[in-house]
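# Breakdown of the fold
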Amino acid sequence: MIWRYFMLSDYELMELQVNVLFNHDEFGGMTWINEPGTKSAPRIFLGITNQGTVERYHQALHEDVKDELKRIVAKSPWVDAPNRVNLAEIISVLSKDRPIENVYAGPAYVFPELRGASTHAVRITHENIGLLEHHFPDYFDDVKNGQPMFAVVQNQVAVSLCCSARQTSDAAEASLHTAQNFRGKGYALEVCTAWAAEVQSQGRIALYSTAWNNLSSQAVARKLRLKQYGVDLHFS
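Residues numbered from 1 in each chain as written. Predicted model: local features only at pLDDT ≥ 70, side-chain atom pairs only at ≥ 80, totals over all residues. Heavy atoms only, no water.

### Let's talk about the overall build of the protein chain
Cut-off, in case you're wondering: Helix and strand definitions here come from DSSP, where helices need a minimum of 4 consecutive H or I residues and strands a minimum of 2 consecutive E residues; each element is numbered from the N-terminal end. Throughout, radius of gyration means the C-alpha value; the globule benchmark is 2.2 Å times the number of residues raised to the power 0.38. Method for areas: the Shrake-Rupley scheme with a 1.4 Å probe, in which residue coverage is limited to the protein chains shown. A residue counts as positive if it is Lys or Arg and as negative if it is Asp or Glu; His and the chain ends are not included. A charge is said to be at NZ when it belongs to Lys, at CZ for Arg, at CG for Asp and at CD for Glu.
On a plain count of helices and strands, the protein chain comes out with six helices and eleven strands. The C-alpha radius of gyration of the protein chain comes to 19 Å, within 12% of the 18 Å expected for a compact globule of 236 residues. Here the C-alpha coordinates of the protein chain stretch approximately 55 × 35 × 35 Å along the principal axes. For the protein chain, the accessible area works out to roughly 12100 Å², and carbon and sulfur atoms hold 48% of it. One finds the centroid of the 22 positive side-chain charges in the protein chain at a distance of 5 Å from the centroid of its 26 negative side-chain charges.

Put into C-alpha cells, the structure is as follows:
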C-alpha cells in the first residue's frame, strides 16, 4: 500500500531512489543506468540525507580506489557542513583511474499524497502518440517504456509532458518537459500532479530530482510542495 512509503525515513527513500536510478549486481555494485540502452552507471553515487549517506560504487571500480573513496566519505561532514566537503579530493582519487567526465549534484524530492487529484492532463498512449509529434518527437519510445505518461494538450498538440524517467516496482522518478513558449503557465504542475497520482495509485512512490543549476525545475518542486529528502551527488 502507498501509505507505507510515507512512513519511510529520508535514508530509506534515498535507498529506493538509487535502485530506481541504477542497476546493480549481486554484490551491490552499480552497473548500468536503469533505462533502455547500455549507458554505464557513474563510478560513485552518494545520496546525502539527515540520517546518513547512501553509498554506491561501480562494479568495475578498482578496489584500492574504492577503499580510498570510502575513507573520504566516512570523514566528510555531509550533514553538518556539506559546503566544506572537499569534492576536489574525491575527483583527485577518481582521476587516478581515469579522468572525470561528469559531476552531478542536486536535490532529491518525494511527492506528497496526490491520489485522486483532478487535473486537465491527458494520458498519452500509443492511441494518441501523435500529440507528441510537434514538441516531443524524441519521447515516442517513452510511450512504451516511460509509463505512466501525461501531457497538457493545446490545439491537439502536447505542450507539457511528464513521464517516468526510470522506475522499479517500488518507485518511479519523474521526467518533466515543457515547450519553451508554454512555460510559466502552470502546465508543469498539471502534468506532474497527474503523473504522481497515477504512480501512487499503482502502490508506488513518486520521486523527483534535479540539478542545483536547474532553478526552474527547483521552482516547480516548490510549487508542488515536494519534500526534499536528500541530495544526490555522483561522479562519472
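### Notes on the packing of aromatic side chains
For any pair of aromatic rings, the description consists of the separation of the ring centres together with the inter-plane angle of the planes. So the rule is basically this: Note on aromatic contacts: the rings of Phe and Tyr and the six-membered ring of Trp form a pair at centre separations within 6.5 Å, being stacked when their planes are under 30 degrees apart, edge-to-face when over 60 apart, and tilted otherwise. The rule is simple: take the accessible area with a 1.4 Å probe, protein chains only, and divide by the maximum for that residue type; under 20% is buried, over 50% is exposed, in between is partly exposed.
For the coordinates displayed, the defined rule picks out five aromatic pairs. Measuring from centroid to centroid gives 5.9 Å for F22 and F45, while their planes differ by 65°, and the two rings are edge-to-face. Of this pair, F22 sits in strand β1 (residues 22–24) while F45 is found in strand β3 (residues 44–49), placing the two residues 23 residues apart along the sequence. On the basis of relative accessibility, which here comes to 2%, the residue F22 falls in the buried class. Ring centres 6.3 Å apart and planes at 85° place the aromatic pair F111 and Y208 in the edge-to-face group. Note that F111 is positioned in the loop between β5 (103–110) and β6 (122–123) and Y208 in strand β10 (residues 205–209), a separation of 97 residues in sequence.

### With respect to unusual backbone geometry
The step from Q147 to P148 runs through a cis peptide bond, and the omega angle for that step is 0°. Looking at where P148 falls in the secondary structure, it is placed in the loop between α4 (142–145) and β7 (150–154). Phi angles above zero are rare outside glycine, and Q156 is one such case at about 65°. When its relative accessible area of 63% is taken as the criterion, Q156 is described as exposed. Look at R225: it is not a glycine, yet its phi comes out positive at around 60°. Inspection of the secondary structure puts R225 in the loop between α6 (215–223) and β11 (227–235). Classification of R225 as exposed rests on a relative accessible area of 73%.

### Quick look at the state of the cysteines
Two cysteines form a disulfide when their sulfur atoms are joined by a covalent bond. For clarity, the cut-off: In this description, the term disulfide denotes a pair of cysteine sulfurs within 2.5 Å.
A complete count under the given rule lists zero disulfides for this structure. C162 forms no disulfide, and the closest cysteine sulfur to it belongs to C192, at a distance of 4.1 Å. For C162, a relative accessible area of 0% gives the class buried. Unpaired in terms of disulfides, C163 finds its nearest cysteine sulfur in C162, a separation of 6.6 Å.

### Looking at the nonpolar core
Inside soluble globular proteins, nonpolar side chains tend to come together where they are buried. Worth spelling out the cut-off: Among the buried residues, those of types Ala, Val, Leu, Ile, Met, Phe, Trp, Tyr and Cys that are joined through side-chain atoms within 4.5 Å form a nonpolar core.
With 25 residues, the main nonpolar core has F111, W195, Y208 and L226 as its most contacted residues. Elements represented by at least two residues in this core include exactly β7, β8 (157–167), β9 (171–178), α5 (187–201), β10 and α6. Considering each element in turn, this core owes the most residues, nine residues, to α5. In terms of nonpolar packing, the next biggest core, distinct from the first, is built from 18 residues, L13, M14, V18 and A108 among them.

### Let's talk about the pairing of β11
Threshold: One requirement defines pairing of two strands: DSSP has to find at least two bridges between them.
The buried count for β11 comes to seven of nine residues, which makes it a mostly enclosed element. For β3 and β11, the ladder comprises five bridges, and the chain directions are antiparallel. Paired with F45 across the strands is H234, a residue of β11. In this structure, β5 lies alongside β11, joined through eight bridges in antiparallel fashion. Residue pairing across strands places Y109 opposite Q228, the latter belonging to β11.

### Notes on the packing of helix α2 (residues 63–75) against helix α3 (residues 87–95)
Put simply, the rule reads: With axes taken as lines fitted to C-alpha atoms, and helix axes fitted only over the stretch in contact, angles between N-to-C directions fall between 0 and 180 degrees. Our angle categories are set so that under 35 degrees counts as roughly parallel, over 145 as roughly antiparallel, 65 to 115 as roughly perpendicular, and the remainder as oblique. Note on contacts: a residue pair is in contact if any heavy atoms of the two residues lie within 4.5 Å. Gly falls in the polar group here, along with every residue not listed as nonpolar (Ala, Val, Leu, Ile, Met, Phe, Trp, Tyr, Cys, Pro) or charged (Asp, Glu, Lys, Arg).
Following both chains from N to C, one finds α2 and α3 inclined at 175°, their axes separated by 10 Å at the closest point. With respect to each other, α2 and α3 are oriented roughly antiparallel. Residues V65, E68, L69, I72 and K75 of α2 lie in contact with α3, whose contacting residues are E89, I90, V93 and L94. For the contact of α2 with α3, a count of residues per class yields six nonpolar, no polar and three charged.

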